[in-house]
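Structure assessment
Spelled out, the chains give:
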Amino acid sequence: MIPLQRPPLNDRLAAELAQRTEAIRRAGVTTASGRAAWRTARVPKARLRALLHEMSPGLLRCMYCGDNLGTDIDHFEPIARAPLRTFDWHNHLLACAYCNSNQKRDRFPCDPAGDPLLIDPAAEDPADHLLLYLESGAYQGLTAKGEATIEVFALNSRAELVRGRRLAFAVVKALLRDWLTRTEAGDHATAAEVADALDQLWQADVVRAVHRLSANPPLAGAVLGPEAAGALYALTARPHRN
């Protein structure tokens, strides 16, 4: 899971979503009225999906597990709990069908004060709550919110997710070494292709965890090996890189 930047709504879409929220209010604020309104909102859903595609990690990956294709518009706070947030732009995330329909469903754990215990990657940095161990592919919860997110989305108990992160880590190290080799050989066109592949890798959380290692050279060397760590320093030091 990585932090995401939510783009603003244009005035037309914002007005349409507000009108639909008001229609739910007039119909009676219930789970049924919220779900019925959502089912018939074909045009606004298409526009919301386009915006979610803009902010999705990698190649349209799920904003929760980061592994599968993001196919569903998920209501972060479920309609069953908050019908008036059915058309709230800040309540929409792109999820895979498994995370949305098999894992999360209407689950929305909260702490005793009523604050959400799920990480919203568009509102906070998941790294404040989750630590990814690159070699094992497993997450550790650093906070109650991190632990709840791991549990609800089965981030560690779905073996394919853990294995996918381990494989992605091996790929990232290989791409880093290849980028350095191409750069030192003066093959800048291929080096650029490799750098783009890193940016678009399906496991964006692995890529981000690797980039974060650049702030700790001894740890980077130990985790990545000297060649891949050297490539990481050179790659992150490029003037045009954020």
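It should be emphasised that the depicted structure is a prediction, and the values quoted were computed from it without experimental measurement.

The rules behind these values
- Residues numbered from 1 in each chain as written.
- Predicted model: local features only at pLDDT ≥ 70, side-chain atom pairs only at ≥ 80, totals over all residues.
- Heavy atoms only, no water.
- Salt bridge = Lys/Arg side-chain N within 4 Å of Asp/Glu carboxyl O.
- Helix = DSSP H or I, 4+ residues; strand = E, 2+ residues; numbered from the N terminus.
- Buried < 20%, exposed > 50% of the residue type's maximum accessible area, 1.4 Å probe, protein only.
- Core = buried A, V, L, I, M, F, W, Y, C linked by side-chain atoms within 4.5 Å.
- Contact = heavy atoms within 4.5 Å.
- Polar contact = N/O pair within 3.5 Å; in protein donor to acceptor, adjacent residues only side chain to side chain.
- Axes fitted to C-alpha atoms, helices over the stretch in contact; angles between N-to-C directions.
- Parallel < 35°, antiparallel > 145°, perpendicular 65-115°, else oblique.
- Left-handed = near helix turned anticlockwise from the far one by under 90°.
- Nonpolar A, V, L, I, M, F, W, Y, C, P; charged D, E, K, R; others polar.
- Pairing = 2+ DSSP bridges.

The next thing to look at is the pattern of salt bridges. All chains considered together, the criterion is met by 15 salt bridges. In this structure, Asp74 engages Lys104 in a salt bridge whose closest nitrogen and oxygen atoms are separated by 3.3 Å. Pair noted here: Asp74 is in strand β1 (residues 72-75) and Lys104 is in helix α4 (residues 97-104), with a separation of 30 residues, a long-range link. Lys104 matches Asp74 in its accessibility class, with the two residues each being buried. A salt bridge links Arg107 to Glu151; its shortest N-O distance comes to 2.7 Å.

Membership of the largest hydrophobic core comes to 65 residues, with the highest contact counts inside it found for Tyr64, Leu134, Val172, Leu176, Trp179, Val210 and Leu224. In terms of residue count, the dominant contributor to this core is helix α6 (residues 159-184) (eight residues). Leave out the neighbours within four places in its chain, and Trp179 touches Ala191, Val194, Ala195, Ala231, Ala234, Leu235 and Arg238.

Further remarks concern the side chain of Asp205. Inspection of the secondary structure puts Asp205 in helix α8 (residues 204-212). We classify Asp205 as buried; its relative accessible area is 6%. Here the side chain of Asp205 touches Tyr139 through a polar contact of 2.6 Å, side chain to side chain. Apart from the residues within four sequence positions on either side, Asp205 is in contact with Met1, Ile2, Cys65, Leu132, Tyr139 and Arg165.

Moving on to the packing of α6 against helix α7 (residues 188-200). Closest axis-to-axis distance for the α6/α7 pair is 8 Å, and the angle between their directions is 160°. Our classification of the angle between α6 and α7 gives roughly antiparallel. The interaxial crossing formed by α6 with α7 has left-handed handedness. Only His188, Thr190, Ala191, Val194, Ala195, Ala197 and Leu198 of α7 make contact with α6, whose side of the interface consists of Val172, Leu175, Leu176, Asp178, Trp179, Arg182 and Thr183. Residue composition of the contact of α6 with α7, grouped by class: nine nonpolar, three polar and two charged.

Here strand β3 (residues 130-133) shows one buried face, formed by Leu130 and Leu132, and one open face, formed by Leu131 and Tyr133. Here β3 pairs with strand β4 (residues 138-141) via four bridges, running antiparallel. When the bridges of β4 are listed, Leu132 appears paired with Tyr139. Connecting the antiparallel pair β3 and β4 is a turn made up of four residues, with Gly137 showing a positive phi of about 80°.

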